[in-house]
Amino acid sequence: MPVNSGRYRSVEGSSSNGSPGISDLAPGIFLENVSFAYSEKEIFRGLNFTVEGGLWTCLIGPSGCGKSTLLRIISGTLREGLTGSIRFGGFARQEGFTAWMAQKDLLLPWLTVLENVCLGARLRGELTEEKRCKATMLLESAGLSGYAQVLPSRMSGGMRQRAALLRTLMEERPVILMDEPFSALDALTRLKLQDLAAKLVRGKTVLMVTHDPLEALRLGHRIYVMHENRGRLSRAIVPPGTPPRKAGDPALASLQEHLLSLLEGKESA
Amino acid sequence: MNLMRLLAVAAGLVVLWQGVVLVTGVPHFILPGPLQVIRAALAHQGPLAHHAGITLVEIVSGLFLGTLVGVSSALSMIASRSLKRWLLPILVVSQAIPVFALAPLLILWFGYGMLSKVAMAVLIIYFPITASFYDGMRQADPEWLELAKVMDAKPMAVVRHIRIPAALPAFASGLRVAAATAPIGAVVGEWVGSSEGLGFYMLHANARMQIDAMFAALTVLAVLALSLYFLVDYAMNRIVFWQKEERKEDPKT
């Protein structure tokens, strides 16, 4: 098993010309000695975890083991009761590094799809014509060009989640955190959206929580199984080939079995 | 449509009313029939229009001012925690004290004119407006707020672009309640002390045993209140346009 290195990676060809903005980088995420307690209940103690830069990392585990909590600690939305250090590449600060995608699409029902995709810029007071153009282009690339001026309620669940993915990309953040982003979709839509996501986020650092072993195996460069025991993590599982892998890949079948047995806690990592 | 059904119900009630009058034969000074009331309304249309105008101005100004004060209170409660601690008791007290008991005081302080009636209406609608708007803003989906936080949103932008729109459906309910109750405030104020308005006119007609004229004033008041309610309802449905869209979605799920 290859051990994950803590190197600081940048996307090809971006750092060579002048000083790169943080959106051009794909920093690793480094958690050192992280402990977290939520109203007296200890969830993590002395957790060390490294997410490799520029790769898609999947975190899988039983519900209630703290996967989502870990994502929220990294996103900076959970700070109370937190000790230890969280760094992105060489930086300690959390603002401006992460984009968030949840299981719910979280589209605002009173905004059009285009406005929803531009939500981050609007909330920071940076909404420009340039941003709108970029969002329009993104919508086209995701097959939603005819829906820019439509309210989200007019779209299917799959289309809404696609719009949510684009909103995440519009943030131009180097790290994308996903909390079971495809689990509310039907099987076919889910596969399609996984392919689209894999194509669009290439080169960024992605940490995705999922409860679906197949999803983890299709998308992850690295897969970790989390146990209920205060955030204990398995060693990295590295499926062969490059994501998105085919769902019917025979190599994935045996790995899936391995993952399931890890999830059941039969094999300790 | 809603309005058609309302008209049908009203017509049914009028027929029932006429039926009761015909069958029981109550004297007209106890319960006049609908036709008598219409006749009285036509006979007194000059004074009725004058007094209805006064009451309408009171109701609309009360509704406007009460909404203004209520919305400002709710916004300050969302914006500042310490302001919330001071405003919350006021909000509860405004609901706990029966406003009718305050009417004589308000007349004493603000006089026999319109001001005391507007104050009554403001007091009566302050709670539904403030409570509905504040609760709506507070109950904005926490996941929206979390997303906004990861987006490094400015606090005021979150209020403007997420909390306020998210609160509009609840606020619309509060405003509907306010539109329905503001007339009560105005009329109670007029009963306690005034020289103008439909409430005054009704007391006056009652004292002179002009029961048909009293009923005519009552009808005008009901029409005023209902029109106001439907106007508010229509406007809020236009403003909260996405709610209708979402309701259309519902049957599928």
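Not measured: the values here are computed from a predicted model. (Residues numbered from 1 in each chain as written. Chains lettered and ligands numbered in written order. Predicted model: local features only at pLDDT ≥ 70, side-chain atom pairs only at ≥ 80, totals over all residues. Heavy atoms only, no water.)

(A) Inspection of helix H4 (residues 129–141) of chain A at higher detail. All names here are of chain A. Its 13 residues give H4 an end-to-end C-alpha distance of 18 Å, which sits within 8% of 18 Å, the value for a rise of 1.5 Å per residue. Residues of H4 that are buried: Ala135, Leu138 and Leu139. Angular distribution of buried residues about the axis of H4 spans 100 degrees; they occupy a single face of the element. What points out from H4, more than 90 degrees from its buried face, is the exposed set Glu129, Glu130 and Met137. Where H4 is buried, its residues contact helix H2 (113–117) and helix H5 (157–170). (Helix = DSSP H or I, 4+ residues; strand = E, 2+ residues; numbered from the N terminus. Expected span 1.5 Å × (residues − 1). Buried < 20%, exposed > 50% of the residue type's maximum accessible area, 1.4 Å probe, protein only. Arc of directions from axis to C-beta. Contact = heavy atoms within 4.5 Å.)

(B) Region of interest: the packing of aromatic side chains. Inspection of every chain in the model, using the stated rule, returns 8 aromatic pairs over all chains. On the basis of an interplanar angle of 35 degrees and a centroid distance of 5.8 Å, the ring pair of B:Trp17 and B:Phe215 is categorised as tilted. Of the two residues, B:Trp17 is situated in helix H1 (residues 2–24) and B:Phe215 in helix H10 (residues 211–239); the sequence distance between them amounts to 198 residues. On the basis of relative accessible area, B:Phe215 is assigned to the buried category, the value being 19%. Taken together, the aromatic side chains of A:Trp110, B:Trp144, B:Phe241 and B:Trp242 make up a single cluster linked through ring pairs. (Phe/Tyr/Trp six-rings, centres within 6.5 Å; stacked < 30°, edge-to-face > 60°.)

(C) Focus on the packing of helix H3 (residues 45–79) of chain B against helix H9 (residues 198–207) of chain B. Residues and elements named next belong to chain B. Interaxial distance between H3 and H9 falls to 7 Å at its minimum, and their mutual angle equals 135 degrees. As the angle between them shows, H3 and H9 are arranged oblique. For the pair H3 and H9, contact is made by Pro47, Leu48, His51, Ala52 and Thr55 and by Leu198, Phe200 and Tyr201, respectively. Tallied by class, residues from the contact of H3 with H9 come to 6 nonpolar, 2 polar and no charged. (Axes fitted to C-alpha atoms, helices over the stretch in contact; angles between N-to-C directions. Parallel < 35°, antiparallel > 145°, perpendicular 65-115°, else oblique. Nonpolar A, V, L, I, M, F, W, Y, C, P; charged D, E, K, R; others polar.)

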